[in-house]
Amino acid sequence: MDPEYFNSYVMSWGTLGTVRPFPGLNPEKDALAVQTALEKKDVVSLVSILTNRNSAQRQMVDKAYRGIGQKDLETGLKKVLSGDLLSLMLALMMTPYEHEAHRLRQAMEGLGTNEETLLEILCTRSAPQLKETNTAYSEIYKKDLEKDLKGETSGDFAKLIVALLHKDNVVGVVQRDIEALSASLDTKKTDPAIWINILTSRDAVHLQKVLMRLEMERGEPLDKTLEKRFSGDFRMGLKTLVQCIQSPHVFLAQRLVSMKTALVHGVMVSRCEEDLLCVRAAFLKLTGTSLYTALQKHFKGEHLQALLAICRSED
């Protein structure tokens, strides 16, 4: 591993991400190095540079590159790279909110909707993050995200999805929320609106207390309770939301177990500057194998090297 990386660790002490700011960044120097690598089709150098800069720094390099060649870096990458490696590098060149907007759009395009990816983003992101993602979606695709989500979903599941998009942080009383949720479970038909309202309008710490004490009161894991009381996509969505409230990193680690390329790209790129170390730890505990090792079993070549650079190290 390059020594500069360890220096960047000192500069970003406390981060739970694996990709950190590159010390002594020189965008113009990087842009020239990228230009040379593209001309020589030097994939190793391209991967090394782009995976050792954080998102903000890549944007600076892209700006410097456009100043040299009058074209953006994305155009250059498309001429030299292809397949999965190209997809991964293009994901890295997006800003974090552009990337999340892109993933949401991809989840809704084509035949069928990828509800799991919609839920991953909407359940694990905060209200401010989703607001920025919503803005990015509108700017990139000239479409209304809420309207698109409604067009891809229906019924109570659609109501949950929209509530997550506009999640709030209203001050609540733990015992009162427990009583409201518990009372809804004692009726013949549980009202989804109560669950949607409470679980999308409180902060995570508050909800963790509510759900933990609700489980103690009911005497069974909440997952089993929801399995009995709800059905269809709404049940899946509510169970996913509960899991993301209780242990988001375990949820993301479970997502990675499939090792599906698009999913691996999505999770690793979106979490690499935020909390990928936590996801790595959860993956190791869940599977008994490190994420670094698992990647080597499923991918190869320069694509693998890029993924390992983002993952960063063995656990």
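Thresholds, definitions, all that
- Residues numbered from 1 in each chain as written.
- Predicted model: local features only at pLDDT ≥ 70, side-chain atom pairs only at ≥ 80, totals over all residues.
- Heavy atoms only, no water.
- Helix = DSSP H or I, 4+ residues; strand = E, 2+ residues; numbered from the N terminus.
- Rg over C-alpha atoms; globule rule 2.2 N^0.38 Å.
- Buried < 20%, exposed > 50% of the residue type's maximum accessible area, 1.4 Å probe, protein only.
- Contact = heavy atoms within 4.5 Å.
- Axes fitted to C-alpha atoms, helices over the stretch in contact; angles between N-to-C directions.
- Parallel < 35°, antiparallel > 145°, perpendicular 65-115°, else oblique.
- Left-handed = near helix turned anticlockwise from the far one by under 90°.
- Salt bridge = Lys/Arg side-chain N within 4 Å of Asp/Glu carboxyl O.
- pLDDT = per-residue confidence, 0-100.
- Nonpolar A, V, L, I, M, F, W, Y, C, P; charged D, E, K, R; others polar.
- Phe/Tyr/Trp six-rings, centres within 6.5 Å; stacked < 30°, edge-to-face > 60°.

1. What about the overall build of the protein?
Counting its regular elements, the protein contains 21 helices and 0 strands. Taking 20 Å as the expected radius of gyration for a compact globule of 315 residues, we find that the protein reaches 21 Å, a close match to that expectation. Once the C-alpha set of the protein is aligned to its principal axes, its extents read approximately 70 × 40 × 35 Å. For the protein, buried positions account for 47% of its 315 residues. In the protein, 71% of the contacts between residues at least 6 apart in sequence involve partners at least 24 apart.

2. Comments concerning the packing of helix H12 (residues 174-185) against helix H13 (residues 192-199)
When two helices pack together, you describe them by how their axes are tilted relative to each other and by the distance separating the axes. Their axes nearest at 9 Å, the elements H12 and H13 cross at an angle of 155°. As summarised for this structure, H12 and H13 are arranged roughly antiparallel, according to the angle between their axes. Crossing of H12 against H13: the hand is left-handed. Facing H12, whose interface residues are Asp 177, Ala 180, Leu 181, Ser 184 and Leu 185, H13 presents Ile 194, Trp 195, Ile 198 and Leu 199.

3. Regarding helix H3 (residues 43-51)
Residues Val 43, Leu 46, Val 47, Ile 49, Leu 50 and Thr 51 constitute the buried set of H3. In this fold, the buried residues of H3 make contact with helix H2 (27-40), helix H4 (55-69), helix H5 (73-80), helix H6 (83-93) and helix H21 (301-311).

4. Thoughts on the pattern of salt bridges
Within this structure, the stated rule accounts for 21 salt bridges. Here Glu 100 and Arg 125 are joined by a salt bridge, their closest N and O atoms 2.8 Å apart. Here Arg 125 lies in the loop between helix H8 (115-124) and helix H9 (127-141) and Glu 100 lies in helix H7 (residues 96-108), a separation of 25 residues in the sequence. Through salt bridges with shared partners, a single ionic network connects Glu 100, Arg 103, Glu 120, Arg 125, Arg 255, Arg 271, Glu 274 and Asp 275.

5. Points about the confidence of the model for the protein
Of the residues in the protein, 96% have a pLDDT of 70 or more, and the chain-wide mean is 94. This stretch, residues 1-14, has a pLDDT under 50; its non-local contacts, to residues over four places away or in other chains, come to 18 contacts.

6. Comments concerning the side chain of Ser 182
Along the chain, the position of Ser 182 falls in helix H12. Judged by its relative accessible area of 6%, Ser 182 is buried. When near neighbours in sequence (up to four residues on either side) are disregarded, Ser 182 contacts Leu 214, Glu 217 and Arg 218.

7. Let's talk about the environment of Lys 159
Here Lys 159 lies in helix H11 (residues 155-165). Residue classification places Lys 159 among the exposed residues on the basis of a relative accessible area of 54%. A sequence separation of 81 residues divides Lys 159 from Thr 240, and the C-alpha atoms of the two residues are 15 Å apart.

8. Comments concerning the side chain of Arg 105
Checked against the element boundaries, Arg 105 lands in helix H7. Exposure remark for Arg 105: the relative accessible area of 16% places this residue in the buried category. Arg 105 has contacts with Tyr 137, Tyr 141, Lys 143 and Asp 148, leaving out every residue within four places of it along the chain.

9. Quick notes on the packing of H6 against helix H18 (residues 261-271)
It is the contact of H6 with H18, at a shortest axis distance of 10 Å, that shows an interaxial angle of 25°. One element, H6, and the other, H18, form an angle in the roughly parallel class. For H6 against H18, the interelement crossing comes out right-handed. Of the residues in H18, those touching H6 at Asp 84, Ser 87, Leu 88, Ala 91 and Leu 92 are Thr 261, His 265 and Val 269. A per-class count over the contact of H6 with H18 returns 4 nonpolar, 3 polar and 1 charged.

10. Digging into the packing of aromatic side chains
How two aromatic rings sit relative to each other is given by the distance of their centres and the angle of their planes. The tally for this structure, following the rule as stated, stands at 3 aromatic pairs. Taking the centre distance of 5.1 Å and the plane angle of 55° together, the rings of Tyr 137 and Tyr 141 count as tilted. Residue Tyr 137 and its partner Tyr 141 are both found in helix H9; the two are separated by 4 residues, about one turn of the helix. Judged by relative accessible area, which is 0%, Tyr 137 ranks as buried. Centroid distance Phe 230 to Phe 234: 5.2 Å. Interplanar angle 70°. Geometry classified as edge-to-face. Both residues of the pair, Phe 230 and Phe 234, belong to the buried class. Aromatic rings pair up to connect Trp 195, Phe 230 and Phe 234 into one cluster.

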